[in-house]
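# Results of the structural survey
Take a look at the letters that make up each chain.
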Amino acid sequence: MMIKNIFNKIPRKQAKAAENHDGAPFSKAEATLRSSSASASNSSSWAGGVLNGMYGVNDGIQQPLDAKVDGIPKPMPYVALPSFNDVPSSEKQNLLLRKLNMCCVVFDFTDPSKNSKEKDIKRQTLVEIVDYVTSPNGKFNETVMQEIIRMVSINLFRTLLTQPRENIVLQSFDVEEEEPLIDPSWPHLHVVYECLLKFVISPETDAKLAKRYIDHSFIIKFLDLFDSEDPREREYLKTILHRIYGKFMVHRPFIRKGVNNIFYRFIFETEKHSGIAELLEILGSIINGFALPLKEEHKLFLVRALIPLHKPKCLSLYHQQLTYCITQFVEKNCKLADTVIRGLLKYWPVTSSTKEVMFLGEIEEVLESTQPPEFQRSMVPLFRRIARCLRSSHFQVAERALLLWNNDHVVNLIKQNRKVILPIIFHSLEKNAGSHWNQAVQSLTLNVRKMFSDVDPQLFGDCLLKFQQDEAHEQETQIKREATWRRLEEMAG
């Protein structure tokens, strides 16, 4: 009896075959997994094994691991997990977690022939996850939310591919002619984006819980992806960010601030960013929903970010979206028209005829929403600039300026203030009518000239007399100048 008690106190040695790589005993399923005689059902049990220990982390990238051999992790086969239809409802969330963990493995797409089977398995698994998230039975507890965002983050937040470029600021036409860069990993990326989109818009996603994982850190990294050169990726980013802005009200100020910072860096530092148009498209919708009266923060955004966005040379890439944002502000608060017009005059292009045509088009859209009191505040500097455009040697600039008189609202504003405006532009109109090289510009000028003549013959006559006097005085001055130069030449000779 004494000998038996002594033997009972001796610790028993555990079998090596029943230990996992962390030194903890294997479960029955894991022991079955490592049995060489496992059946197909046991393979499914292995595939759905415990999350911890199935995948490890190596250099920040999830890698499948098996048991340790001589203390070194050995890669595990990457095999498909069972379908959601093949497991009972009570096991579906656990299966979802295993599938999410499996999709945290990131493959190298630079070599199409590498891991092709594993890539297909992952893509099919991602599609199954999207179907589950979309299904009416898809429920998300906090653990599921955390794992979805973790999987999305591992797959999306990466170093973006860029095309090789010379280290110079590119002209707008150079950028437009470039072929868009296609990311080779898009077969996986687009399904991950689809998963994130379905998760955000799902009614099962509780914003109060999800905001713990879709947090400020996530949003900053997400905004950085807008610099992707793949237009398909930017389209997904635009849609998802808009949905996040709508669902997570607590993040709205932070999102606006993050977009502001992207704009500031683009305007004042790099003048290079691929996603400005998409960000402006989102902002157009956001501005449209601003409550009245506008907050001071929103007015500062107009002055400090939107108006200076007219400065970069590649304006043509996002001008349509920018114009929409600007006009939304003026429609919300007509008193901002003066601020916008003076801002446009500040950044008016000097050497780019293409940008000048765009500015004139935007001025017309702003004027359509401008009321007479605001128009009167800025009409003098505005029409001084338009007068220069009217006499531009570039026919498209002169023609676009003259087409302002085809807009009824603009014409009414001009007619109401013709005593101020006509003397400013009359010289340009007369010069165009008499000597502009382009026939279309001459024809449009004569139409504008006739409109003023019909509306106020007395004012038109006074301006014409003043113009003729100025021309005569200029000729006299020219004759005197030429005579002075001749006398100097005679004295020098």
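These numbers were taken from a predicted model, which means no experiment stands behind them.

Let's shift gears to the overall build of the chain. Of the regular secondary structure elements, the chain holds 23 helices and three strands. In the chain, buried positions account for 44% of the 493 residues. If you take every contact in the chain between residues at least 6 apart in sequence, the share linking residues at least 24 apart comes to 71%. Of the roughly 26,700 Å² of accessible surface on the chain, 52% is carried by carbon and sulfur atoms.

A few words now on the nonpolar core. Core analysis: the biggest nonpolar cluster contains 130 residues, and F263, L306 and W405 have the highest contact counts within it. At ten residues, helix α8 (residues 186-201) tops the list of elements feeding residues into this core.

All right, on to helix α22 (residues 439-455) then. Given a rise of 1.5 Å per residue, 17 residues ought to cover 24 Å, and the 25 Å separating the end C-alpha atoms of α22 matches this to within 8%. Along α22, the residues classified as buried are V441, Q442, L444, T445, V448, M451 and F452. Each element contacted by the buried residues of α22 is listed here: α19 (395-402), α20 (408-416), α21 (418-435) and α23 (457-492). The N-cap residue of α22 is N438: its side-chain oxygen and the backbone nitrogen of A440 are 3.0 Å apart.

Further remarks concern the environment of L225. On the secondary structure map, L225 appears in the loop between α10 (216-224) and α11 (231-247). Taking the C-alpha atoms as reference points, L225 and L160, 65 residues apart in sequence, are found 7.5 Å from one another.

Here we come to unusual backbone geometry. Cis geometry is adopted by the peptide bond preceding P293, which originates at L292 and carries an omega value of 0 degrees. The phi angle at E271 is positive, at roughly 55 degrees, despite the residue not being glycine. Within the secondary structure, E271 sits in the loop between α12 (252-270) and α13 (276-288).

The subject of this paragraph is the packing of aromatic side chains. This model, assessed by the stated rule, comprises 17 aromatic pairs. For the ring pair F84 and Y132, a centre distance of 4.7 Å and an interplane angle of 20 degrees mean the geometry is stacked. Here Y132 lies in helix α5 (residues 116-134) and F84 lies in the loop between β3 (72-75) and α4 (92-102), a separation of 48 residues in the sequence. F84 sits in the buried class, given a relative accessible area of 8%. For Y132, a relative accessible area of 7% puts it in the buried group.

Quick look at a nonpolar patch on the surface now. A cluster of nonpolar residues, W485, L488 and M491, forms a patch on the protein surface that exposes about 390 Å² of accessible area. Mapping L488 onto the fold places it in helix α23. Overall, the relative accessible area of 43% leaves L488 in the partly exposed class.

Okay, the packing of α21 against α22 next. Contact pair α21 / α22: the axes reach a minimum separation of 9 Å and the direction vectors enclose 145 degrees. In this structure, α21 crosses over α22, and the sense of that crossing is left-handed. Where α21 abuts α22, its residues R418, L422, I425, L429, E430, N432, A433 and S435 lie against V441, Q442, T445, L446, V448, R449, F452 and V455.

Attention now moves to empty space enclosed by the protein. With the rule as written, the count across this model stands at two cavities of 30 Å³ or more. Taken as a whole, the second largest cavity spans an internal volume of roughly 40 Å³. If you trace the second largest cavity, you find it lined by R158, L160, L161, L181, D183, S228, E229, D230 and E233. Among the residues forming the lining of the second largest cavity, the class breakdown is three nonpolar, one polar and five charged.

Mean pLDDT over the chain works out to 83, with 81% of the residues at or above the 70 mark. Element-level mean pLDDT values for the chain span from 34 in helix α3 (residues 40-47) up to 97 in α10. Below pLDDT 50 for its whole length, residues 13-75 participates in 77 contacts with residues either more than four positions away or in separate chains.

Here the focus is the state of the cysteines. Evaluation of the coordinates by the stated rule reveals zero disulfides. Free of any disulfide, C103 has its nearest cysteine sulfur in C104, 7.5 Å distant. Not part of a disulfide, C195 finds its nearest cysteine sulfur in C103, a span of 8.4 Å. C195 gets classed as buried once you look at its relative accessible area, which sits at 0%.

On to the pattern of salt bridges. With the rule as written, the count across this model stands at 21 salt bridges. Between D227 and K272 there is a salt bridge, and its shortest N-O distance comes to 3.8 Å. One end of the pair, D227, is in the loop between α10 and α11; the other, K272, is in the loop between α12 and α13, with 45 residues separating them in the sequence. Overlapping salt bridges bring together R158, D183 and E233 as one network.

Secondary-structure assignment places N407 in the loop between α19 and α20. With a relative accessible area of 8%, N407 lands in the buried category. Here E368 takes part through its side chain, which lies 2.6 Å from a polar atom of the side chain of N407. Other than its neighbours up to four places away in sequence, N407 contacts E364 and E368.

Turning next to the side chain of S392. Here S392 shows up in the loop between α18 (372-390) and α19. Residue S392 is classed as buried on the basis of its relative accessible area, which comes to 15%. For S392, the contacting residues outside a window of four places in its chain are V397, A398 and H436.

Turning to the packing of α5 against α8, a few remarks are in order. Where α5 meets α8, the closest approach of the two axes is 9 Å, and the angle between their N-to-C directions is 15 degrees. The orientation of α5 relative to α8 falls into the category roughly parallel. At the point where α5 passes α8, the crossing takes the left-handed sense. Residues K119, K122, R123, L126, V127, I129, V130, V133 and T134 of α5 lie in contact with α8, whose contacting residues are P187, H188, H190, V191, V192, E194, C195, K198 and F199. The residue inventory of the contact of α5 with α8, partitioned by class, reads ten nonpolar, three polar and five charged.

Rules used in this analysis
Residues numbered from 1 in each chain as written. Predicted model: local features only at pLDDT ≥ 70, side-chain atom pairs only at ≥ 80, totals over all residues. Heavy atoms only, no water. Helix = DSSP H or I, 4+ residues; strand = E, 2+ residues; numbered from the N terminus. Buried < 20%, exposed > 50% of the residue type's maximum accessible area, 1.4 Å probe, protein only. Contact = heavy atoms within 4.5 Å. Areas by Shrake-Rupley, 256 points an atom, 1.4 Å probe, with all protein chains shown as cover. Core = buried A, V, L, I, M, F, W, Y, C linked by side-chain atoms within 4.5 Å. Expected span 1.5 Å × (residues − 1). Polar contact = N/O pair within 3.5 Å; in protein donor to acceptor, adjacent residues only side chain to side chain. Phe/Tyr/Trp six-rings, centres within 6.5 Å; stacked < 30°, edge-to-face > 60°. Patch = residues over 30% accessible without salt bridge, like charges linked within 9 Å, V, L, I, M, F, W, Y side chains within 5 Å. Salt bridge = Lys/Arg side-chain N within 4 Å of Asp/Glu carboxyl O. Axes fitted to C-alpha atoms, helices over the stretch in contact; angles between N-to-C directions. Left-handed = near helix turned anticlockwise from the far one by under 90°. 1 Å grid on protein atoms, 1.4 Å probe; cavity = no way out; pocket = protein on both sides within 12 Å on 5 of 7 lines; lining within 4 Å. Points joined across faces, edges and corners; volume = space filled by probe spheres on them. Nonpolar A, V, L, I, M, F, W, Y, C, P; charged D, E, K, R; others polar. pLDDT = per-residue confidence, 0-100. Disulfide = S-S within 2.5 Å. Parallel < 35°, antiparallel > 145°, perpendicular 65-115°, else oblique.

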